[in-house]
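# Coordinate analysis (summary)
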Amino acid sequence: YKAAPLIGMAYDATYVLSKGHEVRVVDNIVAKARGESLEKTFVEIRQDVVGLTSKTPFIPASDRLAKIARRAIPDVCLILGGPHASILPHRCLDECPEIDYVIVGEGERSCVELLEAIESHRPGGGVAGVAGRSPGASIHTRPLYQELDDLPFPDWSMYPYDAYQPVFSEQLGCERHQYQVLLSRGCPNRCAFCFNIFGTSYRVRSPENVRREIEGAFDAFDARLFDFVDPTMTIDQRHFRGLCRELAKSPTAGKIAWTCETRADRVDEELLREAREAGCESVMFGIESGSQRILDVMRKGTTTQTNLRAIALAVKAGIHVRATLIIGHPFETRETLDETIDFVVRAKRLNGVECLPSFLGVYPGTETYDLVENKLGAAHWVEGTREVW
């Protein structure tokens, strides 16, 4: 089950395509190719370069994919990007021996310049934002992309959308394929469990640019259901309201629905009402815990009262609420877990609230990872599991 392609890979692929390179995209989660069939896929596409992306738990799978690609195309250049590679680039090169280069952080420009270096037989390790296998070579830092409006819109025609699972939209009254949209890059919040590949510097697209993207997807793909994947959609409330006004006056108004994610301390009654009028049918709040102690050690910067109030305001505005909860922080106790359960009970008394609990993911590059490394709190690595991604 997968609802939509990864927008980060879509941006990279579209940018590379816009610079004149031939691009093929294979989303193996929906293609479900294994072993010989996957090797056959690599033989058939016969590309000069294969790029892989991975989050921390899937690094072993990326290593297996790299080995299959190498068997299928012995002279292929293999590139790895994504959050885990950005945190531990040299470690990835050690653990994935078939990988030739790792891209750190935002991938569009680094990828294109790396391809140009490969074409001209220059060492790719000298490209900013790229780690190669040259011993002792440092990674040249690439400045963050500032003019997001200059990036081409993701080209969803590269993806087999029929292979993705449609999502039911209450507002549209039917199942529709979901199309991801990114309003901004970077998150200034410093939650202890999170790593943002786009950094902490907040950069934002213009409301007009986002509206044009949505209208284009509506016309080209009959896209009706959109998912804004920003971790905090309403960091800049004034800018968010500007986007709502653009969507409300668009020819697509009343014909599309969209979802978003944000923080409980970055909404108010008027903002949520405007969002609903612009087509927002669901908002996800990163609540994380019903215990103030756990919220504080997570560095969420919110309170349980603020969280419950935001949920109530969204419900009042007619927006479905999804509330994420993280169970099992190193400082979690029976008492703090009981407080979270009590919070869920209170939240569920409001109609239209969906609570989404999950166990804590401990990822490198986060403060929570350092807590476990230093054996702080009650969490520690079970023998034989440390760095077994």
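One structure accompanies this document, and this report is about it. Just so you know, these numbers come straight off a predicted model, no measurement behind them.

Quick look at the side chain of Ser169 now. Within the element layout of this structure, Ser169 appears in strand 5 (residues 167–169). Among residues more than four places away in sequence, those in contact with Ser169 are Cys174, Leu225, Ala257 and Glu281.

What follows is about the packing of helix 8 (residues 207–221) against helix 9 (residues 237–249). Interhelical geometry of helix 8 versus helix 9 gives an angle of 40° and a closest axis separation of 9 Å. Relative to helix 9, the element helix 8 is oriented oblique. In this structure, the crossing between helix 8 and helix 9 has a hand that is right-handed. Contacts between helix 8 and helix 9 involve Pro207, Glu208, Val210, Arg211 and Ile214 from the first element and His239, Gly242, Leu243, Glu246 and Leu247 from the second. Classifying every residue of the contact of helix 8 with helix 9 gives five nonpolar, two polar and three charged.

Our focus in this paragraph is the pairing of strand 14 (residues 353–359). Here seven bridges tie strand 13 (residues 320–327) to strand 14, and the two strands are oriented parallel to one another. Its bridge partner lying in strand 14, Arg322 is registered against Glu354. The parallel pair strand 13 and strand 14 is bridged by helix 13 (residues 334–348), and the resulting crossover is right-handed.

Notably, Asp222 is not glycine yet its phi reads approximately 55°, a positive angle. By the element assignment, Asp222 lies in the loop between helix 8 and strand 10 (225–228). Positive phi is not limited to glycine here, since Glu288 has a value of about 75°. Following the sequence through the fold, Glu288 ends up in strand 12 (residues 280–288). For Glu288, a relative accessible area of 7% puts it in the buried group.

Looking at Asp222, the relative accessible area reads 35%, which means it is partly exposed. C-alpha separation for the pair Asp222 and Val112, spaced 110 residues apart in sequence, amounts to 30 Å. Sequence-distant contacts of Asp222, that is, excluding residues within four places in its chain, are made with Arg176 and Ala217.

In this section: the side chain of Thr252. Note on placement: Thr252 falls in the loop between helix 9 and strand 11 (257–262). Take Thr252: its relative accessible area is 3%, and that puts it in the buried class. Not counting the four nearest positions on each side in its chain, Thr252 is found in contact with Ile214, Glu215 and Phe218.

Procedures and definitions
Every chain is numbered independently, its residues counted from 1 as its sequence is written. Owing to the predicted nature of the model, reporting of local features is limited to residues with pLDDT of at least 70; listing and counting of side-chain atom pairs is limited to 80 or more, with chain, interface and lining totals taken over all residues. Computation of side-chain values covers all heavy atoms of the structure but excludes hydrogens and water. For the purposes of this entry, the term helix denotes a DSSP run of H or I that reaches at least four residues, the term strand denotes a run of E that reaches at least two, and both are numbered from the N terminus. Note on contacts: a residue pair qualifies if any of its non-hydrogen atoms lie within 4.5 Å across the two residues. Every axis in this analysis is a line fitted to C-alpha atoms, fitted for helices over the stretch in contact. Angles between the N-to-C directions lie between 0 and 180 degrees. Under this scheme an angle from 65 to 115 degrees is roughly perpendicular, one under 35 degrees roughly parallel, and one over 145 degrees roughly antiparallel; angles in between are oblique. By definition, any crossing whose near helix is turned counterclockwise from its far helix by less than a right angle is left-handed, and any crossing with a clockwise turn is right-handed. The nonpolar class holds Ala, Val, Leu, Ile, Met, Phe, Trp, Tyr, Cys and Pro. Asp, Glu, Lys and Arg form the charged class, and all remaining residues, Gly among them, are polar. Any two strands between which DSSP finds at least two bridges are classified as paired. Here a crossover is taken to be right-handed if, once the strands point away from the viewer, the path from the first strand over the helix to the second is traced clockwise. Using a 1.4 Å probe on the protein chains alone, a residue whose accessible area is under 20% of its type maximum counts as buried, one over 50% counts as exposed, and one in between counts as partly exposed.

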